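Remarks on the overall topology
Residues per chain, in single letters:
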Amino acid sequence: MKREILTGIGVGALLASSLRVFVAGVYSSVEKTFFYGVYFPSILGIVLLILATALVARIPKKIGGAILGLYIIATLATDATEYTHLLGALAIPIILSLTLEVPTKYLALGMLADLSLRVLATGGEPLDFYHTRVLLVLLTLPVVYYTIREEGKLNKAPFELYAFATLIELGLIYPNAILRYSGIKVYYLPLFVGYSFIITLALFLGIYLGKKPKIATILLILGSLTLLIKPLSLIGLPIALLSSVALLDSARNGKIPGVLGPIYFTIMAILATGAYIGRDIGLSFMEDRLEVVIILASMVYALTSYKRSVEEVSLPTLKEIAYSIAAFLIIGIITLSAFHRAPVYQERKSEITVWTYNIHQGFGPYKGTFNGKELVDLLKNHGPDIIGAQEVVGGMIANAYQDIPLLLSARLGYDYEYKPAVEGTYGVAVFSKYPMKTLGEMNLKSVGQARPVQKVLIEGLNLVVVNVHLGLSEEERAMQAEELLKFATTEPKAHIILGDLNAEPKERAIEILMQEYRDSFEERPPFTFNWGNIDIENIDYIMLRKEWNVRVKDYGCLCEVEVSDHRALWVVIEI
């Protein structure tokens, strides 16, 4: 029994974690190739996943356990997803094979364990923080130990299990993703922890619903359809999750060839990514259509699983439920006690430090490493009063569902206002040590990826800030600059425009903005964007309204800090 429990928990935690790392690694390496023309085997991970699925039934369990061991060691050593996802591609078919051998109740406990680590990481990726990374390794090592000791070969997981994995990877077990899918743009740690408890209940209730696969099929489809009636999805998506768990016993008996699984998984992940950057990768029809992908994935899983025969469902004992819920509650209490439950405001000062920073979707440059911890450390050391951030993710499939606004608010006590460009989980945000409110927001007219802008009032300072991220083509930026200037100068006029303008100082877009605003830098830094000395640009700005009588006391660039592919610009002003 002990072996069964430890293996089940390890497999569940490994399944959720490896799927995130795999998709994040593929995305990061493809981005490197697509945007910067740097060759990286970005398709290799997908090819390895398909090959590993085709060959998994020929692999002895001892070798399968060794592969899992290598993957776990790699994740302990580094969070560079561009490399670890290649091992993840080999590990995922083995993990799915092992799901055939563990009861659903222990698999659900493993997914709950992974969720608990995300709570401890305050919405960040567990691999990004040393304590949660070590805990994940400790949870998963028993799988390696017991698998290596077993004789025989691995079984090939059917397509239906890949369909389940696809639903999980589309965000059904991530509370921040569901909250933002449902239209909640600003929330803090207590809501995240509280909603995580709802996900916990859904995982357990799904086990009991396993006796009623036909009812689970209907509830899964209906639950996913609530995405079309937000915020009803706050209730519907947990129902979809518990229904997907309920169908696991049916899915294990699936008859569709498993080799189709990774192909299906890859297609759905690409379509889901297209919901964010569709116009940049030739999938413009997918922009803001993530709901369609989730509903379609729900239907595929439901319709391929519901007819399967179900043997006696292994239900959790009251003791197992009590221990699991108690453990989760303890973790929640520890998290709420250790971090900020609400914004921590400071008293008004005569000097304030303002930053602009494109944080690169929660990734460090070059290797797809998660940069949440590094970002927290950087901001903690410098303590800016106001930050205009771009490429802010709040639960996007491509970056392992990191929630940067939640992370910074919980770890550093910042208030924030978030303007997603697409799907509620990717856009721009203003962070502040003073209370604030949104005065206006919109997406600018765009040829490529949707580009957001927000106008925020910093209350107490009576300061209006516009935060923006402009497009990639010069013509597009000029068009957007006209619209941006009108937005900024509409009453109440913005005192500051800051952001990633993607435009060099002599470009037309900058000339348009300089009609009403001035650069706060008397001398521009050598660069504000540096991608490995291959692409070096001066494209980030903090602009002040010309008629605003304010003194710039100091300014600078953290040009040597490589937390992101952009560099943070800062200005100290007297108000």
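Residues numbered from 1 in each chain as written. Predicted model: local features only at pLDDT ≥ 70, side-chain atom pairs only at ≥ 80, totals over all residues. Heavy atoms only, no water.

1. Focus on unusual backbone geometry
Following Lys230, the chain continues into Pro231 via a peptide bond in cis, with omega recorded as 5°. Mapped onto the elements, Pro231 comes out in the loop between helix H10 (213–225) and helix H11 (233–246). Here Glu491 and Pro492 are connected by a cis peptide whose omega angle stands at -5°. Non-glycine residue Asp288 carries a positive phi angle of around 60°. Relative to the elements of secondary structure, Asp288 occurs in the loop between helix H13 (260–277) and helix H14 (290–305). A relative accessible area of 33% places Asp288 in the partly exposed class. In the Ramachandran plot, Asn462 falls in the positive-phi region, its phi being about 55° despite a non-glycine side chain. Its place among the elements puts Asn462 in the loop between strand S6 (451–458) and strand S7 (463–469). On the basis of relative accessibility, which here comes to 59%, the residue Asn462 falls in the exposed class. (Helix = DSSP H or I, 4+ residues; strand = E, 2+ residues; numbered from the N terminus. Buried < 20%, exposed > 50% of the residue type's maximum accessible area, 1.4 Å probe, protein only.)

2. A short note on the sheet that holds strand S9 (residues 517–519)
Strand pairing in a sheet relies on backbone hydrogen bonds, with the paired strands running either antiparallel or parallel. Read from one edge of the open sheet, six strands run S5-S6-S7-S8-S12-S9, paired in mixed fashion. Edge positions in the sheet fall to strand S5 (436–444) and S9, since each of these pairs with one other strand and no more. Taken over all neighbouring pairs, the strand axes of this sheet differ in orientation by 20° on average, direction set aside. Bridge count for strand S8 (residues 496–500) against strand S12 (residues 540–545) is five bridges, and the pairing is antiparallel. By the bridge assignment, Leu498 is partnered in S12 with Ile542. (Pairing = 2+ DSSP bridges. Axes fitted to C-alpha atoms, helices over the stretch in contact; angles between N-to-C directions.)

3. Details of the state of the cysteines
For the coordinates displayed, the defined rule picks out one disulfide. Between the sulfur of Cys557 and that of Cys559 lies a disulfide, 2.2 Å long from S to S. Its S-S torsion of approximately 120° makes the covalent link between Cys557 and Cys559 right-handed. Taken as a pair, Cys557 and Cys559 share a single burial class, namely buried. (Disulfide = S-S within 2.5 Å.)

4. Here we look at helix H3 (residues 61–77)
Along its 17 residues, H3 runs 24 Å from first to last C-alpha, staying within 8% of the 24 Å computed at 1.5 Å per residue. All of the buried residues along H3 are Lys61, Gly64, Gly65, Ile67, Leu68, Gly69, Tyr71, Ile72, Ala74 and Thr75. (Expected span 1.5 Å × (residues − 1).)

5. So, the nonpolar core
In terms of nonpolar packing, the biggest core is built from 147 residues, with Phe22, Tyr181, Leu241, Tyr276, Tyr301 and Trp355 touching the most fellow members. The dominant element in this core, judged by the number of residues it contributes, is helix H1 (residues 2–36), at 13 residues. Those residues in contact with Phe22, other than ones at most four positions away along the chain, are Gly45, Ile46, Leu49, His85, Ala89, Ile92 and Phe265. (Core = buried A, V, L, I, M, F, W, Y, C linked by side-chain atoms within 4.5 Å. Contact = heavy atoms within 4.5 Å.)

6. Focus: the packing of H13 against H14
The packing of two helices is summarised by the inter-axis angle and the distance between the axes. Between H13 and H14, the shortest axis-to-axis distance is 8 Å and the interhelical angle comes to 160°. What the angle tells us is that H13 and H14 run roughly antiparallel. Note on element contacts: H14 touches H13 through Leu290, Val293, Leu296, Ala297 and Val300, opposite Tyr264, Met268, Leu271, Ala272, Ala275 and Tyr276. When its residues are assigned to classes, the contact of H13 with H14 shows 11 nonpolar, no polar and no charged. (Parallel < 35°, antiparallel > 145°, perpendicular 65-115°, else oblique. Nonpolar A, V, L, I, M, F, W, Y, C, P; charged D, E, K, R; others polar.)

7. Examining the packing of aromatic side chains
Counted by the stated rule, this structure contains 13 aromatic pairs. Both rings, one in Tyr414 and one in Phe431, keep their centres 6.3 Å apart while their planes meet at 70°; by these two values the pair is edge-to-face. A residue pair is termed long-range when its members are at least 10 positions apart, and Tyr414 in the loop between helix H17 (404–412) and strand S3 (415–422) and Phe431 in strand S4 (residues 426–432) qualify at 17 residues. The buried category is assigned to Tyr414, whose relative accessible area is 2%. Three or more aromatic residues joined by ring pairs form one cluster here, namely Tyr188, Tyr414, Tyr416 and Phe431. Cation over ring: Arg411 sits above Phe129, and NZ or CZ is 4.4 Å from the ring centre. For Lys455, the ring lying beneath its charged end belongs to Phe487, and the centroid distance is 5.3 Å. (Phe/Tyr/Trp six-rings, centres within 6.5 Å; stacked < 30°, edge-to-face > 60°. Lys NZ or Arg CZ within 6 Å of the ring centre and 35° of its normal.)

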